[in-house]
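# Fold and geometry: a report
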Amino acid sequence: MNIAEFLAMGGYAAYVWPAYALVFAVLALNVWAARRSHERALEEARRRLMQEESGR
Amino acid sequence: MWTWFHKLASPPHFYRIAGLTIPAFSWAAGLLVAAGLYGGLVLAPPDYQQGEGFRIFYVHVPSAILSMFVYATMAIAAAIGLIWRMKLAHAVAAASAPIGAWFTACALATGSIWGKPMWGTWWVWDARLTSELILLFLYLGYLGLRSSFDDLQRADRASAVLAVIGIVNLPVIHYSVVWWNSIHQGSTLLTPGAMPIAMKWPALCMLAGFALFYGAVLFVRLRGEVVRRERSAAWLREVLVK
Amino acid sequence: MTARPGLWRVGMAVYARDLRLAFRRWEQAVQPVVFLLMVATLFPLALSPEAAQLRGVAAGVLWVAALLASLLALEFLFRADHEDGSLEQLVLSGHPLGWLSIFKVLAHWTISGLPLVLVSPVVATSLAVPASALAVVMLSLLLGTGVLSFVGGAAAALTLGVKRGGVLVSVLTLPLVMPALIFGAQAADLAIMGESARGPLLLLLALLVLSVSLAPLAIAAALRIGVE
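The notes below deal with the structure included here. Given the structure is predicted, the values throughout are model-derived calculations rather than measurements. (Residues numbered from 1 in each chain as written. Chains lettered and ligands numbered in written order. Predicted model: local features only at pLDDT ≥ 70, side-chain atom pairs only at ≥ 80, totals over all residues. Heavy atoms only, no water.)

When its secondary structure is counted, chain B shows eight helices and zero strands. Along chain B, helices (α) and strands (β) appear in the sequence α-α-α-α-α-α-α-α when read from the amino end. For chain B, the proportion of its 242 residues judged to be buried stands at 52%. Element-wise, carbon and sulfur atoms account for 71% of the exposed surface of chain B, whose accessible area totals about 11,000 Å². (Helix = DSSP H or I, 4+ residues; strand = E, 2+ residues; numbered from the N terminus. Buried < 20%, exposed > 50% of the residue type's maximum accessible area, 1.4 Å probe, protein only. Areas by Shrake-Rupley, 256 points an atom, 1.4 Å probe, with all protein chains shown as cover.)

The structure is reproduced here in structure tokens:
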């Protein structure tokens, strides 16, 4: 089976590949958003700690 | 066993354990998805009716199953959080919601893309599609309610009540939609016959991979949620210093 | 044992109080009805004044319009009581909060849901619904607005004191009441076509029983969280 045939997906390339691309894009987005949420929580905590220390 | 559980649920301990397990989860998820992709796109024979087009199945079905599994997880965690006032359980619910909403969106979008060549239209008011859409609305409502509170504790508890209401309603919604549709038009669902094993195992791999992916992303989010919910500063300082 | 008033008396007291307050703010109570009439006017203008075509969509139009109209009113279910502190008193009163919330929701339904049911024959007739179907249309809305008040009550309780609560209440309520819409519109549609609407009406009744028995628990939990 050659690559061109594989990519053509029996004529369904216009449907199969976008579907896969979309799903994997969303998965990547999920990873990114989760990391950002974690980092933000750490930042907020850092700020909270600094406020507490300077308030004392 | 119980003390072990309690220890795990304590924020510092959980934060550390989660940090250690995330790589394992990610690798396992990555390997399974890779195997599922190879099996699904290359090894599996084309469907005798749908040809190569059925391969959307391998991303569509895992997304759809996960969308419901995540909602169930979220609702159970929310109920545990309400009953035993467990912060970690509320954190699980809060961290699950966005992931579940994305899986639901994926299931809808891939279903729509699949529907175009097979049914000749992007959208059919079919029972399963419609209840998946309503599931998305439930997720959006949950996220909307959660984001409208400033106080994290109140947000946790109010949204937990909503998650429980939602899970009680889901079967009612599902069956009423099935009933509604079967009156108006015959079911357009493809009746899944016994699938040959060469078609099936990649799907199971993908499903397991997606589930582990959910686990990994959940843990990353959970670490953040645990930090947000932590008031006592001693261990926070420890985490932040390194 | 007799020191505390009976549950029925407490419930009726809550109901009577809410009604009395509502009559003082009657403009609020009229709003949903006006809304329903206006929305029902839009459809003949937008589609066509032809009777056959109107009859085909009448059930759906009526139900969607009634749904949206009663959503409008949900915002007022707990808001005034929350602002003046009487909700807190209710929570602290020691009476079962779920029980009290049944009467609060019933009072709210009497003011906002029942008028919709009462004007529905007029609206239905204007949409070319035959007179023989009017009873079923009213009955379906009677049951349906009940479901909506209880489910929506839970959403309203969850959004206590939230900014931009009105939109949020709708977003929370609509997915949950879709089954009621399905069966209600179905019942009305069957009646308009001259067929028996028994099946969907019974299912709608089941939904009402379910929501009357479960929603108060959720409302009570939500109110406790809200007044803290």
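Additional details are given in the paragraphs that follow.
What follows is about the packing of helix α5 (residues 127-147) of chain B against helix α8 (residues 165-192) of chain C. For the pair α5 of chain B and α8 of chain C, the least separation of the axes is 9 Å and the interaxial angle reads 150°. It follows that α5 of chain B is roughly antiparallel to α8 of chain C by the angle criterion. Viewed along their axes, α5 of chain B and α8 of chain C form a crossing whose handedness is left-handed. On α8 of chain C, the residues touching I134, F137, L138, G141, Y142, G144 and L145 of chain B of α5 of chain B are L168, V171, L172, P175, L176 and M178 of chain C. A breakdown of the residues in the contact of α5 of chain B with α8 of chain C according to their chemical character gives 11 nonpolar, two polar and no charged. (Axes fitted to C-alpha atoms, helices over the stretch in contact; angles between N-to-C directions. Parallel < 35°, antiparallel > 145°, perpendicular 65-115°, else oblique. Left-handed = near helix turned anticlockwise from the far one by under 90°. Contact = heavy atoms within 4.5 Å. Nonpolar A, V, L, I, M, F, W, Y, C, P; charged D, E, K, R; others polar.)

With that out of the way, let us pick up the pattern of salt bridges. For the coordinates displayed, the defined rule picks out 11 salt bridges over all chains. A salt bridge links D156 of chain B to R146 of chain B; the nearest nitrogen and oxygen atoms lie 2.9 Å apart. Of this pair, D156 of chain B sits in helix α6 (residues 152-184) while R146 of chain B is found in helix α5, placing the two residues 10 residues apart along the sequence. Considered together, D156 of chain B and R146 of chain B belong to a single accessibility category, that of buried residues. With a shortest N-O distance of 2.5 Å, K104 of chain C and D81 of chain C are connected by a salt bridge. Residue K104 of chain C is located in helix α6 (residues 97-126), and its partner D81 of chain C is located in helix α4 (residues 79-84); the two are separated by 23 residues in the primary sequence. For the pair shown, K104 of chain C and D81 of chain C are each scored as buried. In this structure, a network of salt bridges that share partners links the residues E44 of chain A together with R146, D156, E225, R228 and R229 of chain B. (Salt bridge = Lys/Arg side-chain N within 4 Å of Asp/Glu carboxyl O.)

Any link to function would need more than the numbers given here.
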